[in-house]
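This is what each chain is made of:
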Amino acid sequence: MAKAAEKEYKVVISNVSEGSVAEQAGVKANWELLTVNGQRIPDILAYRRELEKGIVEIVVKDPKSDHETAFICEWEDPGLEFDDVIFDGIRLCANKCDFCYIHQMPKGMRKSLYIMDDDYRTSFLYGSFVTLTNLDESEVQRILDENLSPLYVSVHTMDQVLRQDMMKWWKHKVKDEKVTDIAQMLHRLEPIQLYTQMVVLPNRNDGEHLSESLKALSNYPNI
């Protein structure tokens, strides 16, 4: 199978701290961060992960001249600042829930209100709720490896068939259907503390469905 093309994105440096290693290396605001320890950096979490290794090589680029600069930072913050915490784009929701509040919002409001954020990274950073239906295996493994805890998860129901019907992710192309099984996902994420929520709809997931879901969730020690 052919390898998928790597997503294109730029990591723009918004500010360089005065007296920092980066400033001493000549780095300026509006330059681009290319790699840290040879790795492309998709978000602030990956950036911090590499810095925690102690000795890092950082490569940046002046977009005006395309000149690249590499410098070493040892056991200190390099002094780079960014406007965003997610560099490669927010993971958007793959669902089409009947009860989605974003779909029900009136037109003409600020654009940020219409972003269907379903990104596990913003869940960890800001406490936003995610459905976990848009993950692939590498992202599940990253959550575990980096202990991105706690996460906030929209469960709605533990009945997998009913959950698919309520969220309608089956109408869209999902990355990996194995990781959309909510019971399996919660089991795999047992090392991670989880806060869960349920949107309850009359005659859909209330009554016996709600009781069974709450009973199932109560058996997870990390919820």
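Predicted model, so just to flag it, every value in this text is computed and none were measured.

Engineer: So what exactly am I meant to see when it comes to the nonpolar core here?
Structural biologist: The nonpolar side chains of soluble globular proteins are, as a tendency, buried together. Core analysis: the largest hydrophobic core is formed by 43 residues, its most contacted members being Ile13, Val27, Leu33, Tyr47, Ile58, Leu80 and Phe82. Among the elements that line this core, the one with the most residues is helix H2 (residues 44-51), at five residues. Excluding anything up to four places from it in sequence, Ile58 contacts Leu33, Thr35, Val36, Thr69, Ala70, Phe71, Cys73, Pro78 and Leu80. One finds Phe99, Cys100, Leu162 and Leu201 within the second-largest nonpolar core, a separate group that totals nine residues.

Engineer: Just to check I follow, could you spell out a nonpolar patch on the surface for this structure?
Structural biologist: Side chains of Ile55, Ile72 and Trp75 sit close together on the surface and give an oily, nonpolar patch of about 370 Å² of accessible area. By the element assignment, Trp75 lies in the loop between strand E4 (67-74) and strand E5 (80-81).

Engineer: Please clarify how the sheet that holds strand E6 (residues 129-130) should be interpreted in this entry.
Structural biologist: Reading across the sheet, the three strands line up as E6-E7-E8 and stay open at both edges, with parallel pairing between neighbours. The two strands at the open ends of the sheet, each matched to only one other strand, are E6 and strand E8 (194-197).

Engineer: Can you walk me through the pairing of strand E3 (residues 55-62) in this structure?
Structural biologist: Regular strands have side chains that alternate between both faces of the sheet. For E3, the buried fraction is high: six of the eight residues fall into the buried class. Bridging between strand E2 (residues 32-36) and E3 involves four bridges; their strand directions are antiparallel. Paired with Thr35 across the strands is Val59, a residue of E3. Direction of pairing for E3 relative to E4: antiparallel, over a ladder of eight bridges. Within E4, the residue paired with Glu57 across the bridge is Ile72. Counted between consecutive antiparallel strands, the loop separating E3 from E4 contains four residues, among which Asp66 sits at a positive phi close to 65°.

Engineer: Looking at this model, I keep getting lost on the sheet that holds E4. Mind explaining?
Structural biologist: Think of a sheet as strands paired side by side through backbone hydrogen bonds, with each pair either parallel or antiparallel. Strands sit in the order E2-E3-E4 across an open sheet of three strands; the sheet is antiparallel. Because the sheet does not close on itself, it has two edges, and the strands there are E2 and E4. Direction aside, the axes of adjacent strands within the sheet are offset by 25° on average.

Engineer: Could you clarify how one ought to interpret the pattern of salt bridges in this entry?
Structural biologist: Close approach of charged atoms allows side chains of opposite charge to pair. Under the definition given, this model contains 17 salt bridges. Among the ionic pairs, Asp88 bridges to Arg91, the shortest N-O distance being 3.4 Å. No difference in accessibility class separates Asp88 from Arg91, as the two residues are buried. For Asp119, the salt bridge is made with Arg121, and the minimal N-O distance between the two is 2.9 Å. The network of salt bridges with shared partners includes Asp43, Arg49, Glu50, Lys53, Asp88, Arg91, Asp119, Arg121, Glu139, Arg142 and Glu146.

Engineer: How do you make sense of the side chain of Thr122 when you look at a structure like this?
Structural biologist: Along the chain, Thr122 turns up in helix H3 (residues 120-126). The exposure class assigned to Thr122 is buried, which follows from its relative accessible area of 4%. Here the side chain of Thr122 touches Asp117 through a polar contact of 2.9 Å, side chain to side chain. Within the local environment of Thr122, its side chain forms a polar contact with the backbone oxygen of Asp119, the two atoms lying 2.9 Å apart. Here Thr122 is in contact with Ile86, Ile90, Asp117, Gly127 and Ser128, once residues within four sequence places are set aside.

Engineer: In this structure, what is going on with the state of the cysteines? I would like to understand it.
Structural biologist: Where two cysteines share a covalent bond between their sulfur atoms, that bond is called a disulfide. Evaluated as defined, the whole model comprises zero disulfides. Left unpaired, Cys93 is separated from the closest cysteine sulfur, that of Cys97, by 5.8 Å.

Calculation rules
Residues numbered from 1 in each chain as written. Predicted model: local features only at pLDDT ≥ 70, side-chain atom pairs only at ≥ 80, totals over all residues. Heavy atoms only, no water. Core = buried A, V, L, I, M, F, W, Y, C linked by side-chain atoms within 4.5 Å. Buried < 20%, exposed > 50% of the residue type's maximum accessible area, 1.4 Å probe, protein only. Helix = DSSP H or I, 4+ residues; strand = E, 2+ residues; numbered from the N terminus. Contact = heavy atoms within 4.5 Å. Patch = residues over 30% accessible without salt bridge, like charges linked within 9 Å, V, L, I, M, F, W, Y side chains within 5 Å. Areas by Shrake-Rupley, 256 points an atom, 1.4 Å probe, with all protein chains shown as cover. Salt bridge = Lys/Arg side-chain N within 4 Å of Asp/Glu carboxyl O. Pairing = 2+ DSSP bridges. Axes fitted to C-alpha atoms, helices over the stretch in contact; angles between N-to-C directions. Polar contact = N/O pair within 3.5 Å; in protein donor to acceptor, adjacent residues only side chain to side chain. Disulfide = S-S within 2.5 Å.

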